[in-house]
Amino acid sequence: MSVNRSSRPVIGVTMGDAAGIGPEVVLRALESKPLRSAFRCVIIGDAAHLAKLAASLRAGPELVPYEPDAGASSDSVEVFDLSNLPTQIETGVDSPSTGKASGEYLVTAVQLWKQGVIDAISTAPISKKAIAMGGFDYPGHTEFLAELSGTSQFAMSFFAQKLRVVLLSTHLPLVDAISFITEERLVDLIKFTHKVMGRLLSKGVSIAVAGLNPHASEGGMFGREELDVIEPAIRKCQTDGINVSGPFSPDSIFLRGFQGEFDACIALYHDQATIAVKALSFGSGVNVTLGLPFIRTSVDHGTAYDIVNTGTADASSMLAAIQLAGDLVNQSRSTP
């Protein structure tokens with residue numbers, strides 16, 4: 001099977017952990033008629049669970065079985081049904097059954113991409129604990145998808161309007177994240193960001209690097225990492241012709257990126273990036289995995305077990321993730 005490249009992009013949307021808000025935000029995001037008109041969206045999940053949830057919420061588009069050659073109407077959304085959930089599940093808690101199912105949606109999504117059935121993958125939230133309980137030993141989506149696709153060099157990033165942040169490390173304890181910062185790793189990430197972000201944006205990019213310490217250490221007054229590690233890495237990349245600058249104070253660099261001063265900002269650890277992204281653009285930020293052979297976007301939030309079944313889940317990040325996936329597919333098609 002292969003996708004008709006003259007048609008609208010086909011986005012595989014994994015429904016996430018059924019015990020969380022993933023299925024709800026997927027259904028609510030796909031209520032958007034402009035989104036369905038622009039992209040052919042295929043939910044990869046459990047059709048019975050989705051139908052039951054849609055009925056209880058009185059929300060969501062018409063759901064129909066996936067038909068590869070049907071050329072689905074924008075009036076409905078197709079479901080690639082794995083039928084892998086029990087009839088009854090307990091929501092709001094981690095469990096092996098929902099964790100295993102959410103892992104299987106990812107495995108299937110990558111298989112469908114390899115077969116040419118979908119153009120990109122957009123993922124609803126999973127629980128790291130639940131997928132481990134279900135037999136998948138990964139710290140999150142990023143590492144899981146990298147292994148499924150045989151990708152050795154990859155990075156987590158967040159897009160929030162003009163702010164694009166690339167992370168040096170992801171899910172590490174803070175003390176380990178600081179130890180993880182080395183000149184070699186930072187040089188590799190700057191070069192990687194220059195290459196991949198330039199390809200995504202179809203232009204030469206400007207990159208800014210955050211400091212680690214308050215005020216980027218004020219010339220060594222508040223720590224040595226900037227002088228001993230970060231500045232040498234930046235200089236080395238500048239010598240190679242990369243448009244990179246810094247280190248900049250962590251309390252201002254991301255606002256400057258949000259205002260469009262830089263094409264990409266490099267954050268040195270997880271929360272340095274996510275606090276900025278969520279403070280500046282919560283609900284519309286999108287997680288993008290760089291380096292994969294396919295486009296992958298995701299929400300900027302977790303399973304939110306505490307609000308499951310309340311009908312209050314905000315689908316704006318899921319909507320933004322699907323929209324960005326489709327936009328990036330269109331951009332890649334128009335790039336020689």
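Up top you'll find the structure we're talking about.
About the cut-offs
Residues numbered from 1 in each chain as written. Predicted model: local features only at pLDDT ≥ 70, side-chain atom pairs only at ≥ 80, totals over all residues. Heavy atoms only, no water. Core = buried A, V, L, I, M, F, W, Y, C linked by side-chain atoms within 4.5 Å. Buried < 20%, exposed > 50% of the residue type's maximum accessible area, 1.4 Å probe, protein only. Contact = heavy atoms within 4.5 Å. Pairing = 2+ DSSP bridges. Helix = DSSP H or I, 4+ residues; strand = E, 2+ residues; numbered from the N terminus. Axes fitted to C-alpha atoms, helices over the stretch in contact; angles between N-to-C directions. Expected span 1.5 Å × (residues − 1). Salt bridge = Lys/Arg side-chain N within 4 Å of Asp/Glu carboxyl O.

A. Highlighting the nonpolar core. One finds Ile190, Met318 and Ile322 to be the most contacted residues of the largest nonpolar core, which totals 93 residues. Excluding residues within four positions of it along the chain, Ile190 makes contact with Ile207, Val209, Ala233, Ile234, Cys237, Ile242, Val244 and Ile266. Counting residues in hydrophobic clusters, the runner-up holds 17 residues, among them Met156, Ile253, Ala273 and Val277.

B. Geometry of the sheet that holds strand β7 (residues 163-167). Sheet architecture is open: 12 strands sit in the order β3-β4-β2-β1-β5-β12-β11-β6-β7-β10-β8-β9, paired in mixed fashion. The two strands at the open ends of the sheet, each matched to only one other strand, are β3 (62-65) and β9 (244-248). Strand-to-strand twist across the sheet, computed as the mean angle between neighbouring axes with direction ignored, equals 30 degrees. Note that β3 and strand β4 (residues 76-81) share 4 bridges and pair parallel. Looking across to β4, one finds that Val64 is bridged to Glu78. The strands touched by helix α3 (residues 47-57) within the sheet are β2 (40-45), β3 and β4, with β4 carrying the most contacts at an inclination of about 140 degrees.

C. Quick peek at the side chain of His301. Structurally, His301 is set in the loop between β12 (295-299) and α12 (316-334). Among the residues examined, His301 registers a relative accessible area of 18% and is labelled buried. Other than its neighbours up to four places away in sequence, His301 contacts Ile21, Pro125, Lys278, Asp314 and Ser317.

D. Structural context of the environment of Glu62. Following the sequence through the fold, Glu62 ends up in strand β3. The sequence separation of Glu62 and Asp75 amounts to 13 residues, and the corresponding C-alpha distance is 7.1 Å. Among residues more than four places away in sequence, those in contact with Glu62 are Asp75, Ser76 and Val77.

E. A look at helix α4 (residues 96-114). Under the 1.5 Å per step criterion, the end-to-end length of α4 is 27 Å for 19 residues, consistent within 8% with the ideal 27 Å. Packed against the buried residues of α4 are β1 (10-14), β2, β4, β5 (120-123), α5 (128-133) and α6 (141-148). In the stretch just after α4, Gly116 is the one whose phi turns positive, near 80 degrees.

F. Spatial organisation of the pattern of salt bridges. What the rule picks out here adds up to 9 salt bridges. Among the salt bridges present, the one from Arg224 reaches Asp228, with a minimum N-O distance of 2.9 Å. What makes Arg224 partly exposed here is its relative accessible area of 46%. Residue classification places Asp228 among the partly exposed positions, given a relative accessible area of 41%.

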